[in-house]
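Take a look at the letters that make up each chain.
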Amino acid sequence: MKHTILLLLFGLILNSTTFGQEESDRSRVQLSTPYGDMIIELYNKTPKHRDNFLKLVKNGFYDSLLFHRVIEGFMIQGGDPDSRNAEDGKRLGNGGPGYQIPAEFDTTLIHKKGALAAAREGDRVNPEKKSSGSQFYIVQGKILPLQVLDQMENKFNQRRVNQLINQYLQEPAHADRKKIMDSLQKAQKYEELNDQYREVEQLITSAPDYEVFKFSSQQKEVYSTVGGTPHLDGAYTVFGQVVEGLSVIDSIAAQPTDKYDRPVENVTMEMKVIK
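Residues numbered from 1 in each chain as written. Predicted model: local features only at pLDDT ≥ 70, side-chain atom pairs only at ≥ 80, totals over all residues. Heavy atoms only, no water.

Asker: Just to check I follow, could you spell out the overall build of the protein for this structure?
Answerer: When helices and strands are counted, the protein shows six helices and 10 strands. Across its three principal directions, the C-alpha atoms of the protein cover 65 × 40 × 30 Å. Taking all 275 residues of the protein together, the buried fraction comes to 46%. Restricting to contacts in the protein with at least 6 residues of sequence separation, those with at least 24 account for 77%. Summed over all atoms, the accessible surface of the protein reaches about 14100 Å², with 47% contributed by carbon and sulfur. Computed over 34 positive and 37 negative side-chain charges, the inter-centroid distance for the protein is 3 Å. (Helix = DSSP H or I, 4+ residues; strand = E, 2+ residues; numbered from the N terminus. Buried < 20%, exposed > 50% of the residue type's maximum accessible area, 1.4 Å probe, protein only. Contact = heavy atoms within 4.5 Å. Areas by Shrake-Rupley, 256 points an atom, 1.4 Å probe, with all protein chains shown as cover. Lys, Arg positive; Asp, Glu negative; His and termini not counted. Charge placed at Lys NZ, Arg CZ, Asp CG, Glu CD.)

Asker: I'm lost on the packing of aromatic side chains in this one. Help?
Answerer: Geometry of an aromatic ring pair is reported as the spacing of the ring centres plus the angle between the planes. For the structure on display, the rule yields 10 aromatic pairs. A centroid spacing of 5.3 Å and a plane angle of 45° characterise the contact between Phe53 and Tyr62, whose relative ring orientation is tilted. Residue Phe53 shares its accessibility class with Tyr62, and that shared class is buried. In this structure, Arg120 packs its charged tip against the face of Tyr236, placed 4.2 Å from the ring centre. (Phe/Tyr/Trp six-rings, centres within 6.5 Å; stacked < 30°, edge-to-face > 60°. Lys NZ or Arg CZ within 6 Å of the ring centre and 35° of its normal.)

Asker: Would you mind showing me how to read the domain arrangement of the protein here?
Answerer: One widely used convention gives an interface's size as the accessible area the parts lose upon coming together. The domains assigned to the protein are domain 1 (28-143 + 226-274) and domain 2 (146-206). Here the C-alpha centre of domain 2 lies 38 Å away from the C-alpha centre of domain 1. (Domains from an automatic or database assignment.)

Asker: Looking at this model, I keep getting lost on the environment of Lys275. Mind explaining?
Answerer: Take Lys275: it is sitting in the segment after strand E10 (270-273). When the C-alpha positions of Lys275 and Arg177 are compared, they lie 61 Å apart, and in sequence the two are 98 residues distant. The contacts of Lys275, once residues within four sequence positions are left out, are Arg26, Ser27 and Arg28.

Asker: Teacher, can you tell me more about the pattern of salt bridges here?
Answerer: Side-chain pairing between opposite charges can occur once the charged atoms of the two side chains come close. Across all of its chains, the model carries 14 salt bridges by this definition. Salt-bridge contacts for Arg50 lead to Asp51; the nearest nitrogen and oxygen are separated by 2.8 Å. Here the salt bridges share partners, and the residues they tie into one network are Arg26, Arg28, Glu41 and Glu244. (Salt bridge = Lys/Arg side-chain N within 4 Å of Asp/Glu carboxyl O.)

Asker: For this particular structure, what's the right way to read helix H6 (residues 246-253)?
Answerer: Note: α-helices contain 3.6 residues per turn, so residues at a spacing of three or four share the same orientation. Every buried residue belonging to H6 is among Val248, Ile249, Ile252 and Ala253, and all of these are buried. The buried residues of H6 all sit within an arc of 130° when viewed along its axis, so they share a single face. Close packing links the buried residues of H6 with strand E1 (28-33), strand E2 (36-42), strand E3 (67-71), strand E4 (75-78), strand E8 (136-139) and strand E9 (238-244). (Arc of directions from axis to C-beta.)

Asker: Looking at this structure, how should I read the UniProt feature "domain: PPIase cyclophilin-type" (unreviewed entry) in the protein?
Answerer: Sites flagged by UniProt as "domain: PPIase cyclophilin-type" (unreviewed entry) map to residues 32-269. Along residues 32-269 one finds 34% helix and 16% strand; the C-alpha atoms at either end are 6 Å apart. (UniProt positions renumbered as here; feature names shortened; annotations may be inferred.)

Asker: Which parts of the structure should I look at to understand the pairing of E2?
Answerer: Every regular strand shows the same layout, with side chains that alternate between the two sheet faces. With five of seven residues buried, E2 lies mostly within the body of the structure. Where E1 and E2 come together, six bridges link them in antiparallel fashion. Residue pairing in the sheet places Gln30 in a bridge with Ile39 of E2. Relative to E9, E2 is paired through four bridges, and the arrangement is antiparallel. The partner of Ile40 across the bridge, within E9, is Val242. (Pairing = 2+ DSSP bridges.)

Asker: Is there a simple way to explain the packing of helix H2 (residues 146-170) against helix H4 (residues 190-205) in this structure?
Answerer: When two helices pack together, their arrangement is captured by the angle between the axes and the distance separating the axes. Put simply, H2 and H4 touch, their axes get as near as 10 Å, and they point 105° apart. The pairing of H2 with H4 is recorded here as roughly perpendicular in orientation. Side by side, H2 and H4 meet where Val161, Leu164, Ile165, Tyr168 and Leu169 of the first sit next to Tyr197, Val200, Glu201, Leu203, Ile204 and Thr205 of the second. Grouping the constituent residues of the contact of H2 with H4 by class yields nine nonpolar, one polar and one charged. (Axes fitted to C-alpha atoms, helices over the stretch in contact; angles between N-to-C directions. Parallel < 35°, antiparallel > 145°, perpendicular 65-115°, else oblique. Nonpolar A, V, L, I, M, F, W, Y, C, P; charged D, E, K, R; others polar.)

Asker: Mind showing me how you'd approach the sheet that holds E4 here?
Answerer: Adjacent strands of a sheet form backbone hydrogen bonds with each other and so pair up, either parallel or antiparallel. In spatial order, the strands read E3-E4-E8-E6-E9-E2-E1-E10; together these eight strands make up an open sheet with antiparallel pairing. The open sheet is flanked by E3 and E10, the only strands paired with a single partner. Neighbour-to-neighbour, the strand axes of the sheet open up by a mean angle of 25°, direction not taken into account. When strand E6 (residues 115-118) meets E9, the two strands line up antiparallel, connected through three bridges. Within E9, the residue paired with Ala117 across the bridge is Val238. Each of E1, E2, E6, E8, E9 and E10 touches helix H1 (residues 47-58); the most contacted strand, E10, lies at about 115° to it. Across the face of the sheet, H6 comes into contact with E1, E2, E3, E4, E8 and E9 while running at roughly 120° to E2.

Below, the structure is given as structure tokens:
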């Protein structure tokens, strides 16, 4: 299975997000690297991912594995068992424990800097967005100005509208309109064709169940101050957060990499449960 693919597409981003909610008795894991230690809290809101991660850590699954995929300004990824003692230059990222975990999306858990999330196969072969059983990534991301977040909102909404227009035109009930639009396209009558598209868009956006996507005020505050990768929200399960050692992420992300985004010098990991 190819668990390394982190699609840089706009996933379904949900906007009813709250932050700062404390959960009692969160488990903690220490992740040690040549560049220092990170302390990661695991969320109780994602129990399947939490329990699986704790089981693997306790069993020593992650010890001596590599951060095999590193992209500065985006994330650092590890958890492929094939990376243990892997020869230099070998492409990694296809390994796992032989199972997947059902997605556990929660709108309060977002891809801010330091977020621990599960890697997975792409939507085309994994429409249910099931997580890899072992591969994970830790977000570095970037601080995004409010203007950029506004642009992301607009792009997401336009992409969603285009998807809905295509779905609308594929429905048998709208075959006549599609036939008209195909004829206008063939005749290169683009002004009339655009009028048709605008009519369909109006029908879609005025429907009672249509909702315009907006980042919440809390999301905007986090992504414009702490930073992260908001386009992954709602598409990959976030199940933990680095609470100590954020600078370690930066150090690993800054390492030179090869054509497969693997660090030229191996970055190993060791983990233990500390709470």
